Amino acid sequence: MDLLKTSLKLVPSCITAVLFIGCASIDIPRVSPQELAAERQLQLEHTLTEGFDQIARLHNLLWPLLQGNTDFCRGMTTRSLGLRHASPRSETGQSAIERQARDSVFDFNNRPVIYAVAEGSPADIAGLQPNDRIVAVGTWTWTAESANEFNRSLNRRLDALMRRNAVTLEIEREGERMSIDLTPERVCDVKLGLKPTLEVQARTNGREITVTLGMADRLDDEQIRTVLAHELAHCTMGHITRTSVNSAAGLLFDLAFLTQRVWLGGVFSRLSRDAMSINIEREADYVSMYLLANSGFDTTERAAIWRELADEVTFRSSFFNTHPYSPERYLLLTKTHEEIERKRESGAELVPNGMRLRRR
């Protein structure tokens, strides 16, 4: 008991000593809360601007792939105008400074703003431009009183008009208003997202392709388009469903062990999922070249991306890899290009070997 009392008496002294040790021994510039808030907002604005610029770039690169491969999408299609817009809103958990930064980047003036128009899309052909503000959709017009409802329901109203195959937008550009008629186009129904990390990755859940900011920053336009074609191939081939089926087969073994009160952490689910992963990735590489070719792109230099992305991991083969290693991927894409060129010369349809397309 005496030892405890002695220890408690020493606590204030220990705290004082720790605080003294942690104090700077030299005079450093002081940063005021106001300066910190201002700099934070500037950095948020920079990050938002870079992110939306990259989304606009990726949207433009993906559009012709979605446009040119509806036969490959086999029922997974939708009508689209080829534009992306942002709306002023207060997101759950979003701080005031984050809202201010977003408003500053887009200069909303409480109206939705178009920030991306894909080249060759209905929006592009009709003359829409980035920074156009949307002030009417069909017969429904933005007003100061209806602004919140207008901003929230814009996507729903656009979708309803696109199902009727005719869309009229009124936009505001540099203080002038103009009415624009658009005819939506049927494209592959695959969304696009950007993940703000420095990792060099791209992935899909079967309905949306997500590219990291690190990959977008590292690769040029045609390299990124090659990556997008690969992920789109995963979507068109139903690879995510196949992966889930493979994982479910292994789950049966995990559950069998669990009935004996032994849990192995889902090891069989992971093993069965990964067992076919390399073949699925090979198939996506192969089909992606046809998606590019059918969208009108030259496939000659596409394989070079695997020399660009090669590192000490990707140029080594391993039993535990879930993707083919980069030398194999380079050679596969090269051979696929040669196959496509032979089909072009003979006038054959540009369809992967063994695939039958269901025409609309």
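All of these numbers come straight from a predicted model, not from anything done at the bench.

Draft legend 1. Structural context of helix α8 (residues 221-236). Compared with an ideal rise of 1.5 Å per residue, which puts 16 residues at 22 Å, α8 spans 22 Å between its outermost C-alpha atoms and is within 8% of the ideal. For α8, the tally of buried residues reaches 14 of 16 residues, placing the bulk of the element in the interior. One side-chain oxygen at the N-terminal end of α8 lies 3.2 Å from the backbone nitrogen of Glu 222; it belongs to Asp 220. Downstream of α8 by a residue or two, Gly 238 has a phi angle that is positive, lying close to 65 degrees.

Draft legend 2. Here's a closer look at helix α2 (residues 33-68). The first and last C-alpha atoms of α2 sit 53 Å apart over 36 residues, in line with the 52 Å expected at 1.5 Å per residue. Along its length, α2 shows its largest kink, about 30 degrees, at Leu 62, and proline Pro 64 lies within four residues downstream of that point.

Draft legend 3. Molecular detail of the packing of aromatic side chains. Inspection of the entire model under this criterion finds six aromatic pairs. Ring geometry for Phe 106 and Phe 108: centres 5.1 Å apart, planes at 25 degrees, overall stacked. Accessibility classification places Phe 106 together with Phe 108 in one group, the buried group. Aromatic rings pair up to connect Phe 52, Phe 106, Phe 108 and Tyr 115 into one cluster.

Draft legend 4. Broad picture of the nonpolar core. Formed by 45 residues in total, the largest nonpolar core has its most connected members in Leu 65, Ile 209, Leu 228 and Leu 232. Residue assignment for this core shows that the elements contributing at least two residues are α2, α3 (70-73), β8 (185-188), β11 (208-212), α8, α11 (277-294), α12 (305-308) and α13 (326-346). It is α11 that contributes the most residues to this core, eight residues altogether. Ranked by size, the runner-up nonpolar core spans 22 residues in total, among them Leu 128, Val 135, Ala 147 and Ile 171.

Conventions adopted
Residues numbered from 1 in each chain as written. Predicted model: local features only at pLDDT ≥ 70, side-chain atom pairs only at ≥ 80, totals over all residues. Heavy atoms only, no water. Helix = DSSP H or I, 4+ residues; strand = E, 2+ residues; numbered from the N terminus. Expected span 1.5 Å × (residues − 1). Buried < 20%, exposed > 50% of the residue type's maximum accessible area, 1.4 Å probe, protein only. Polar contact = N/O pair within 3.5 Å; in protein donor to acceptor, adjacent residues only side chain to side chain. Bend = angle between axes of the 7 residues up to and from the residue. Phe/Tyr/Trp six-rings, centres within 6.5 Å; stacked < 30°, edge-to-face > 60°. Core = buried A, V, L, I, M, F, W, Y, C linked by side-chain atoms within 4.5 Å.

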